[in-house]
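Residues per chain are reported as follows:
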Amino acid sequence: MKVALIGATGFVGSALLQELLQRGHRVTALARHPAKLSVHDGLAVRQADVLDAAQVAAAVQGQDAVLSAYNPGWGEPDIHDLFLKGSDAILAGVQQAGVKRYVTVGGAGSLYVAPGVQLVDTPDFPAAYKPGALAAREALNRIRAASTLDWTFVSPPILLEPGERTGRYRLGEDAPLMDGDQPGRISVADLAVAIVDELETPRHLQRRFTLAH
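The rules behind the values
Residues numbered from 1 in each chain as written. Predicted model: local features only at pLDDT ≥ 70, side-chain atom pairs only at ≥ 80, totals over all residues. Heavy atoms only, no water. Axes fitted to C-alpha atoms, helices over the stretch in contact; angles between N-to-C directions. Helix = DSSP H or I, 4+ residues; strand = E, 2+ residues; numbered from the N terminus. Parallel < 35°, antiparallel > 145°, perpendicular 65-115°, else oblique. Left-handed = near helix turned anticlockwise from the far one by under 90°. Contact = heavy atoms within 4.5 Å. Phe/Tyr/Trp six-rings, centres within 6.5 Å; stacked < 30°, edge-to-face > 60°. Buried < 20%, exposed > 50% of the residue type's maximum accessible area, 1.4 Å probe, protein only. Core = buried A, V, L, I, M, F, W, Y, C linked by side-chain atoms within 4.5 Å. Salt bridge = Lys/Arg side-chain N within 4 Å of Asp/Glu carboxyl O. Pairing = 2+ DSSP bridges.

Participant: Break down the packing of helix α3 (residues 79-97) against helix α4 (residues 130-145) for me, citing the residues and quoting the values.
Facilitator: Contact pair α3 / α4: the axes reach a minimum separation of 8 Å and the direction vectors enclose 25°. It follows that α3 is roughly parallel to α4 by the angle criterion. Like other packed secondary-structure pairs, α3 and α4 cross with a definite hand, here right-handed. Here Ile-79, His-80, Phe-83, Leu-84, Ser-87, Asp-88 and Leu-91 of α3 come into contact with α4, specifically with Pro-131, Gly-132, Leu-134, Ala-135, Ala-136, Glu-138, Ala-139, Arg-142 and Ile-143.

So this is what it looks like as structure tokens:
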């Protein structure tokens, strides 16, 4: 497939880039600073600001799918507004370019831990991550309204860590997966496996899914 990848230099995005290239997909990575990405067979890099819908549209034109791991960074003081601005621009750019398949990585905060109660609204949710988690939840709501796209929203498990690629994972939908009485976890490499699996064999069109080991 021809896949446009947003966020290719980040924690999740770099794992996605490796997984896509290993499987032989042709990747176009959007980057504000193309020099941060190494030369690789099957990889093209286009300079683009993902906060600008027109630049996104131009960069993803002609792709089979757009895969976004956009995150302005958990240490960014304005993460809430930047996350939404980027998510909105990417969504608009994908629509303008006429690409139907859109897969985006959000957070675990919008998963339901009880009827009507999302993880981000629980008292023990870490304050440092709350602005980004609230933005990711709102981004999911806005994507759901964009029903013309074949979108998929991916919520990682509560614990997302570095680690080896096993190729194994369990799937869930709107509630966090658990490991007994402990939160579920997954390596970023296996998160990438699950996302590229979804890209190749869609099982969650216009739906969200989560996963864990």
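Participant: Please set out the packing of aromatic side chains residue by residue, giving values where relevant.
Facilitator: Inspection of the entire model under this criterion finds two aromatic pairs. When the centroid spacing of 6.1 Å and the interplanar angle of 50° are considered together, the rings of Tyr-70 and Phe-83 count as tilted. Of this pair, Tyr-70 sits in the loop between β4 (65-68) and α3 while Phe-83 sits in helix α3, and the two are 13 residues apart along the sequence. Phe-83 shares its class with Tyr-70; the two are buried. Between Trp-74 and Tyr-129, the aromatic rings sit 5.2 Å apart at their centres with planes inclined by 80°, giving edge-to-face as the arrangement. Separated by 55 residues along the polypeptide, Trp-74 in the loop between β4 and α3 and Tyr-129 in the loop between β7 (117-118) and α4 bring together distant segments of the chain.

Participant: Which residues make up the side chain of Thr-104, and what are the values?
Facilitator: As for its placement among the helices and strands, Thr-104 is situated in strand β5 (residues 101-105). For Thr-104, a relative accessible area of 8% gives the class buried. Residues contacting Thr-104, with those up to four places away along its chain left out, are Ser-68, Ile-143, Thr-152, Phe-153 and Val-154.

Participant: Go over the nonpolar core with me, naming the residues and quoting the values.
Facilitator: In globular proteins that are soluble, nonpolar side chains generally tend to be buried together. Leu-5, Leu-16, Leu-17, Leu-20, Leu-67 and Ile-195 are the most contacted members of the largest nonpolar core, which has 30 residues in total. If you list the elements that add at least two residues to this core, you get β1 (2-6), α1 (11-22), β2 (26-31), β4, β5, α5 (188-200) and β14 (207-212). The element that contributes the greatest number of residues to this core is α5, accounting for seven residues. With residues up to four places along the chain from it excluded, the contact list for Leu-20 reads Val-3, Leu-5, His-25, Val-27, Leu-67, Val-196 and Leu-199. Core analysis: the second largest hydrophobic core is formed by 23 residues, Ile-6, Val-60, Ala-97 and Trp-151 among them.

Participant: Got a sec to walk through the pattern of salt bridges? Specific residues and values, please.
Facilitator: Tallied over the entire structure, the rule returns eleven salt bridges. In this structure, the salt-bridge partner of Glu-19 is Arg-23, at a minimum N-O distance of 2.8 Å. The closest approach of N and O atoms between Glu-19 and Arg-165, which form a salt bridge, is 2.8 Å. One end of the pair, Glu-19, is in helix α1; the other, Arg-165, is in the loop between β9 (159-161) and β10 (170-172), with 146 residues separating them in the sequence. Taking relative accessible area as the criterion, Glu-19 reaches 3% and is therefore assigned buried. Salt bridges sharing common partners tie together Glu-19, Arg-23, Arg-165, Asp-197 and Glu-200.

Participant: I'd love a proper account of the sheet that holds β1, names of residues and values included.
Facilitator: Sheets are built from strands that pair by backbone hydrogen bonding, the pairs being arranged parallel or antiparallel. With mixed pairing, eight strands are arranged side by side in an open sheet as β3-β2-β1-β4-β5-β8-β14-β10. The sheet is open, and its two borders are formed by β3 (43-47) and β10, each paired with just one other strand. Taking the axes of each pair of neighbouring strands and ignoring which way they run, one obtains an average angle of 25° across the sheet. The pairing of β1 with β2 spans five bridges and is classified as parallel. Across the sheet, Val-3 pairs through a bridge with Val-27, a residue of β2. Sitting on the sheet, α3 touches β1, β4 and β5, and the angle it makes with β5 is about 165°. Lying over the sheet, α4 contacts β5, β8 (150-155) and β14, oriented at roughly 160° with respect to β8.

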